[in-house]
Amino acid sequence: MIRLEKVAWEADGRRIVSDITLEFAPRTLTALVGPNGSGKTTVLHLAAGLRVPAAGRVFLDDVPLASLPAKQRARQIAVVEQHPSTDLDLAVRDVVALGRIPHIGAWPGARDRDPNAVDEAMEAAAVTHLAKRRWPTLSGGERQRVHLARALAQQPRVLLLDEPTNHLDLSHQLDFLERVNRLGITVIAVLHDLDLTAAFCRDVAVMHEGRLHSQGAIEDVLTSELIDEVFDVRAAVVVDDRMRVNWSRA
Amino acid sequence: MDRRLGAALLGAVLVAVIVTATAVALGAGSAELSLRDVVDVVQRRLALSPGENVTVLADRIVWELRMPRVIGALSVGAALAICGVVLQSLTRNELADPYLLGISSGASVGAVTVLVFGVTLPFTPPHLTLTVAAFTGAIAAMAVVLGMATGRSGSLPPGRTILAGVAVGQLCGAFTSLAIMVFGAREVSRQVMTWTLGSFAGVRWPSAAIMVAALAASLLVLLFATQALDAFAFGETSARSLGINVVATRWGLLILTALITATTVAFVGPIGFVGLTVPHLVRIATGSLHRTLLPLSALAGGALMLVADTLARSLRQGVEIPIGIITATIGAPVLVYLLRRQAARS
C-alpha cells in the first residue's frame, strides 16, 4: 500500500521531519499520533503526495508517488484537511461533487462515468439530507462529514484524515470513526485522543520530535512507558477486550 | 429558486439586454438614426437584403463607427469580467480585479511616456504608438510583479502576488505623477487623465477584431479550466489533493488573464469596476461554480460595458464622458444593493 522510505521534509532550511520509514497496513484504520509539532500533518501530506520529500521516496503499491500524474494520484488517494473552509456560497452537493474532478475529463460538458458516485458518497457520510444546504450554514460536525463525503466521492483506495474528530462532540466522534472503519479501505488518521485511537485502530504510528518513534499493533506500541516518554504523561494502560488508556498526571 | 433555472433565466435576460442595447447603441448618438435605418444597414452588410434605401452616411455611421465600438465594448466588458472571475478564484481574494498585476499602472507608464515625452517607437505607425507603448508597459509591469512574487520552487503565493502588484502599481503611479507634474504641459495632464478613465472612441474594425480574438481565445482556454478553478474553492492544498497542478495552473491562468487585460488596456485604457463587480453580481445570482459563472459573467460584463459606453457618448450632446466614471456609477450602487440584500438574508 503506502510506504515511506527514509523520507525527510524541510521548510526554510529547517528539518521538520526526517528519516521516516513507515508502511501502512492495507484495508485498516491506522492512527498517527504524537504531541503537537511532532510532524504528524507533514507525514500525512507526504504520504498523500501533497508535498515533495526533501529526501527519500514515497511509494503507492511500489510505484513512486512522485512519478504518478496528479490526476491519477487523486483517483487513489483522498485527503480530508483539518479545517477546510471557503468564503464561497456553495451547496453541499456541489462541494461533494468536487471529489469527482479527478474522474471527469476537463473538456467542457464532460460527463461523469459514474453518475451515482456523488449520491453514494453522501449516503456513506450521512449527509444526503444536507444536499441543498449552503456551506456557510453548516455546523462544524456537518462540515467535517461533508468533506468526508467529498473525499469518498474520489473513490479512493487510501483515505488520509487530519484530526478528523476535532471539534466534534463525543457521539459525533464515535459516529465518524465507525463510518470510516466500515469503509474497508486503507485509512490513516491523525488523532489526538488516545482513547479513541485505542478503541478504533489496530495499528498505530507514533511521531516524536520529527521522527517516527514506533509503529505496530496498538497493544505493543501504546505502553505506559511510551506515553510517558512521548507525551510526558504518567499513565496506566489497562488491556481488556477493548484497549483502554487511563492516565493520571503524576 | 433552483440555481440552474436561475442561471438559464439570467442568461436569457442578459442576451435580451445585449440585443436591445446593441440596437439602441447603433442608433443613438450625435446623428440620431431610426431603428429602421439601423436594421437596413446591418441587413445590407450581412447580405440579407439589397438595401437600396441605405444612405452612404447612415452606412458609415452605423457600420464603420458605431458597430466596431459596440463589438469592442462587448468584448472588453466580457474579457474583463472573466479575468476578474479567474483572478478572484485563484487568489481567493474578493478584491482581486483584472488590473491586479500592476497592469493598468504599467500601461499608464507606457502611455504617459508617449503623451508627455512624445516618444516614437520603431516599426510602429504613429496612430498605434500609444497602444503599443501601453501594452509594453503593462507586460513589463506584469513581468516585474510575477518575478517579485515567485518563490524558490516556482510557487506563486496569492498574498505575495497581490502585494507585489500593489508595490509595482505605486511605483508606476509615482513615475506618471512625476512625469506629468514636472514635464507635462497642462493640456497633457488632461489627456493622461482622460486616457486613465478609458474610452471606446478610438475603436475601429481592426482593433475590435483583435479584442474579439482575445476574448474568444481566452474563453476557449477557460472553458477547459472550469473544474480546476472550482477545485480552488477550499484552497491550495485541497486543489492539489483533487489532482490539480496548482503551480502550473496559477502561472498559466495569471499570464493568460494578464495578456488579455493588457490587450484591452492598450486599446481602450483601464476601465475599472467591471472586472471587480460583475463576478460578485453573478455569483450572488447563480452561485460559484465556474461552468455557469464564467459564461454568465462574460455576458453580464459585455452588457454592462455596452450600456455604459452608450451612456458615455450620449448623456451629454457633443461631449464624451469617460466610461470609467459610468461603470463606477452603475457598478458601485448595484454591488452595495446586492451585498445588503445578501446580508439581510444571512
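What you see is a predicted model, and the numbers here were worked out from it, not measured in a lab. (Residues numbered from 1 in each chain as written. Chains lettered and ligands numbered in written order. Predicted model: local features only at pLDDT ≥ 70, side-chain atom pairs only at ≥ 80, totals over all residues. Heavy atoms only, no water.)

Engineer: Sorry if this is basic, but what is going on with empty space enclosed by the protein here?
Structural biologist: If a probe the size of a water molecule is rolled over the atoms, the empty space left behind becomes visible. Residues and elements named next belong to chain B. What the rule picks out here adds up to one cavity of 30 Å³ or more. Listed by contribution, the elements that provide at least two residues to the lining of the largest cavity are α3 (56–91), α6 (158–183) and α11 (246–268). Among the residues forming the lining of the largest cavity, the class breakdown is four nonpolar, two polar and one charged. (1 Å grid on protein atoms, 1.4 Å probe; cavity = no way out; pocket = protein on both sides within 12 Å on 5 of 7 lines; lining within 4 Å. Points joined across faces, edges and corners; volume = space filled by probe spheres on them. Helix = DSSP H or I, 4+ residues; strand = E, 2+ residues; numbered from the N terminus. Nonpolar A, V, L, I, M, F, W, Y, C, P; charged D, E, K, R; others polar.)

Engineer: Hey, could you run me through the pattern of salt bridges in this one?
Structural biologist: Close approach of charged atoms lets side chains of opposite charge pair. Counted by the stated rule, this structure contains 20 salt bridges over all chains. Of the charged contacts, one joins A:R15 and A:E10 as a salt bridge, the two residues approaching to 2.9 Å between their closest N and O atoms. When the shortest N-O distance is used, the salt bridge between B:R69 and B:D309 registers 2.9 Å. Remark: B:D309 occurs in helix α13 (residues 290–314) and B:R69 occurs in helix α3; sequence separation between them is 240 residues. (Salt bridge = Lys/Arg side-chain N within 4 Å of Asp/Glu carboxyl O.)

Engineer: Can you walk me through the nonpolar core in this structure?
Structural biologist: In summary, soluble globular proteins display a tendency toward joint burial of nonpolar side chains. Among the nonpolar cores identified, the biggest contains 147 residues, and A:V96, A:V146, A:L159, A:L161, B:F200 and B:M305 are the most heavily contacted of them. Among the nonpolar cores identified, the runner-up in size contains 27 residues, and A:I2, A:F24, A:A47 and A:A48 belong to it. (Core = buried A, V, L, I, M, F, W, Y, C linked by side-chain atoms within 4.5 Å. Buried < 20%, exposed > 50% of the residue type's maximum accessible area, 1.4 Å probe, protein only.)

Engineer: Explain the interface of chain A and chain B to me, please; I cannot follow it from the model alone.
Structural biologist: Note on interface size: it is often stated as the accessible area lost on association of the parts. At the junction of the two partners, chain A supplies 32 residues and chain B supplies 20 residues. Between chain A and chain B lies a buried interface of about 2,300 Å² when both sides are counted; carbon and sulfur atoms form 61% of it. When the buried area of chain A at its contact with chain B is split by residue, A:L50, A:L98 and A:I101 rank highest and sum to 23% of it. Put simply, chain A and chain B have zero salt bridges between them. (Contact = heavy atoms within 4.5 Å. Buried area = accessible area lost by both parts, 1.4 Å probe.)

Engineer: Sorry if this is basic, but what is going on with α3(B) here?
Structural biologist: Residues and elements named next belong to chain B. End to end, α3 covers 51 Å across 36 residues, agreeing with the expected 52 Å (1.5 Å per residue, within 8%). Its axis deflected by about 40 degrees at R66, α3 carries its strongest bend there, up to four residues before the proline P68. Burial within α3 is extensive, with 30 of its 36 residues counted as buried. Positive phi appears at R92, one or two residues downstream of α3, with a value of about 50 degrees. (Expected span 1.5 Å × (residues − 1). Bend = angle between axes of the 7 residues up to and from the residue.)

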